[in-house]
Amino acid sequence: MDSVANSNRVTAGTASGTGGASPITGVPRGESPVPLSVLDLAPVAENTTPPEALETSTELARAAERWGFHRYWVAEHHGMPGIASSSPAVLLAHLAAATSTLRLGSGGVMLPNHAPLVVAERFGMLEALHPGRIDLGLGRAPGTDQGTARALRRTTGTPSADDFPQQLGELLAFLRDDFPVDHPYVDVHAVPRGEPPAVWLLGSSGFSAQLAATLGLPFSFAHHFASANTVPALELYRDSFQPSGVLERPYTMIGVQVIAADTEEEALRLARPIAVSMLRLRSGNPGRLPTPEQAAEYEFGEREQAFIDDWLSGAVHGTPETVRAELDELRERTGADELMVTANIADRKAKLRSYELVAEAYRLGAG
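From a predicted model like this one, the values you see are computed outputs, not experimental measurements.

Undergrad: Help me out: how do you make sense of the overall build of the chain in this one?
TA: Check the secondary structure of the chain and you find 13 helices and nine strands. The buried share among the 367 residues of the chain stands at 53%. Contacts spanning at least 24 positions in sequence make up 74% of the contacts within the chain whose residues lie at least 6 apart. By element, 50% of the accessible surface of the chain is carried by carbon and sulfur atoms, the whole surface being about 15700 Å².

Undergrad: What is the right way to read a negative patch on the surface from this model?
TA: The grouping of Glu264, Glu265, Glu321 and Glu326 at the surface amounts to a negative patch. Elements with a contribution of two residues or more to the negative patch: helix H9 (264-282) and helix H12 (320-334). With respect to the helices and strands, the residue glutamate 321 is situated in helix H12.

Undergrad: How should I be thinking about helix H8 (residues 230-240) in this particular structure?
TA: Think of an α-helix as turning once every 3.6 residues; residues three or four places apart then point the same way. Within H8, burial applies to Thr230, Ala233, Leu234 and Tyr237. All buried residues of H8 project into a common sector of 95° when viewed along the axis, lining one side. Where the residues of H8 are buried, they touch helix H7 (206-215), strand E6 (219-221), strand E7 (252-260) and H12.

Undergrad: How do you make sense of the pairing of strand E2 (residues 71-74) when you look at a structure like this?
TA: Walk down a regular strand and you will see the side chains alternate between the two sheet faces. Of the two faces of E2, both are covered, the one formed by Arg71 and Trp73 as well as the one formed by Tyr72 and Val74. Strand direction decides the pairing type here: strand E1 (residues 36-40) and E2, joined by three bridges, are parallel. Considered in E2, the bridge of aspartate 40 is made with valine 74. Handedness of the crossover joining E1 and E2 through helix H2 (residues 50-67): right-handed. Regarding topology, helix H3 (residues 88-98) serves as the crossover connection from E2 to the parallel strand E3 (residues 103-110), and that connection is right-handed.

Undergrad: Looking at this structure, how should I read the packing of H3 against helix H4 (residues 116-129)?
TA: What describes two packed helices is the angle between their axes and the distance between those same axes. Between H3 and H4, the shortest axis-to-axis distance is 10 Å and the interhelical angle comes to 5°. When the interaxial angle is binned, H3 and H4 end up roughly parallel. Taken together, the residues of H4 that come into contact with H3 (itself represented by Ala89, Leu92 and Ala93) are Arg122, Phe123 and Leu126. Across the contact of H3 with H4, the residue classes break down as five nonpolar, no polar and one charged.

How each quantity is defined
Residues numbered from 1 in each chain as written. Predicted model: local features only at pLDDT ≥ 70, side-chain atom pairs only at ≥ 80, totals over all residues. Heavy atoms only, no water. Helix = DSSP H or I, 4+ residues; strand = E, 2+ residues; numbered from the N terminus. Buried < 20%, exposed > 50% of the residue type's maximum accessible area, 1.4 Å probe, protein only. Contact = heavy atoms within 4.5 Å. Areas by Shrake-Rupley, 256 points an atom, 1.4 Å probe, with all protein chains shown as cover. Patch = residues over 30% accessible without salt bridge, like charges linked within 9 Å, V, L, I, M, F, W, Y side chains within 5 Å. Salt bridge = Lys/Arg side-chain N within 4 Å of Asp/Glu carboxyl O. Lys, Arg positive; Asp, Glu negative; His and termini not counted. Charge placed at Lys NZ, Arg CZ, Asp CG, Glu CD. Arc of directions from axis to C-beta. Pairing = 2+ DSSP bridges. Right-handed = clockwise from strand over helix to strand, strands pointing away. Axes fitted to C-alpha atoms, helices over the stretch in contact; angles between N-to-C directions. Parallel < 35°, antiparallel > 145°, perpendicular 65-115°, else oblique. Nonpolar A, V, L, I, M, F, W, Y, C, P; charged D, E, K, R; others polar.

In structure tokens:
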């Protein structure tokens with residue numbers, strides 16, 4: 001726990017950001033009671049290409065800024081044919097150049113895949129290029145299979161959960177240039193040096209929830225693939241929270257799969273390919289996102305159908321009115337301070353339309 005305690009000291013004094021405004025907490029827009037943000041996985045379907053997926057991400061980021069979403073995060077996945085986002089820092093640099101006010105961040109960087117110094121330099125550079133706009137969301141999962149994880153890390157060992165607090169402590173110290181005088185890295189500096197990005201911890205269980213609480217960091221929970229753990233993890237975070245120089249009180253965000261369309265039938269048609277893709281992933285057979293037509297033709301076994309039904313019940317899909325009602329209920333049930341919606345739709349027109357309808361449902365552009 002020494003590394004955790006030291007990390008808490010390292011992060012002190014980073015809350016105010018530029019001009020005294022918090023780089024973490026958002027301001028609700030329109031009729032939304034909490035800020036609404038975007039998580040983009042840059043999905044690749046059977047009938048699209050990775051360049052097309054990344055072009056869609058660029059167009060969506062510009063539109064999200066125009067529609068009034070608060071922040072836009074991209075993920076880190078490796079060896080997955082259905083996801084084009086493997087390098088968050090590279091994609092974020094591109095998206096930052098294509099936008100002007102939207103907060104941008106990683107959802108997240110999988111810290112065990114990288115040397116903490118490398119992450120500090122990449123995101124320090126992003127923050128230097130785009131001051132006050134960069135979030136560094138961190139996760140401890142590999143974001144891939146074990147073989148690919150070993151290739152990324154150049155080691156035959158598998159990092160344990162116990163390694164993550166130490167890695168995080170080193171990263172935070174590099175960002176703040178504040179190692180203890182007796183630390184072996186005290187003379188090592190991440191460049192460029194300046195204001196660090198806003199650091200978040202991501203998770204789908206109680207481990208990261210408790211660590212984020214111990215350090216007084218904001219916490220983002222992956223409700224979109226671990227919905228049964230959402231309320232317990234958020235309660236653990238709030239109950240364990242220790243005020244820090246980053247936050248005086250807990251701040252939580254949850255990621256939610258949201259598919260909006262002009263009709264309930266169309267929303268369900270767009271949601272099914274995502275459910276099938278998740279089924280394939282959980283079965284150890286990841287691939288490109290099936291088209292709605294391919295998903296409709298898929299023959300499910302009894303256990304597969306149960307998985308699909310369960311996934312669809314955990315996702316929010318329907319008309320704007322349905323989506324708003326379900327998101328409002330979820331926010332009230334979880335007490336989340338911010339909602340991050342993700343629509344893992346490969347078709348560009350349908351994907352942009354989904355986010356536009358969410359923005360319209362809450363009149364985000366009106367305030």
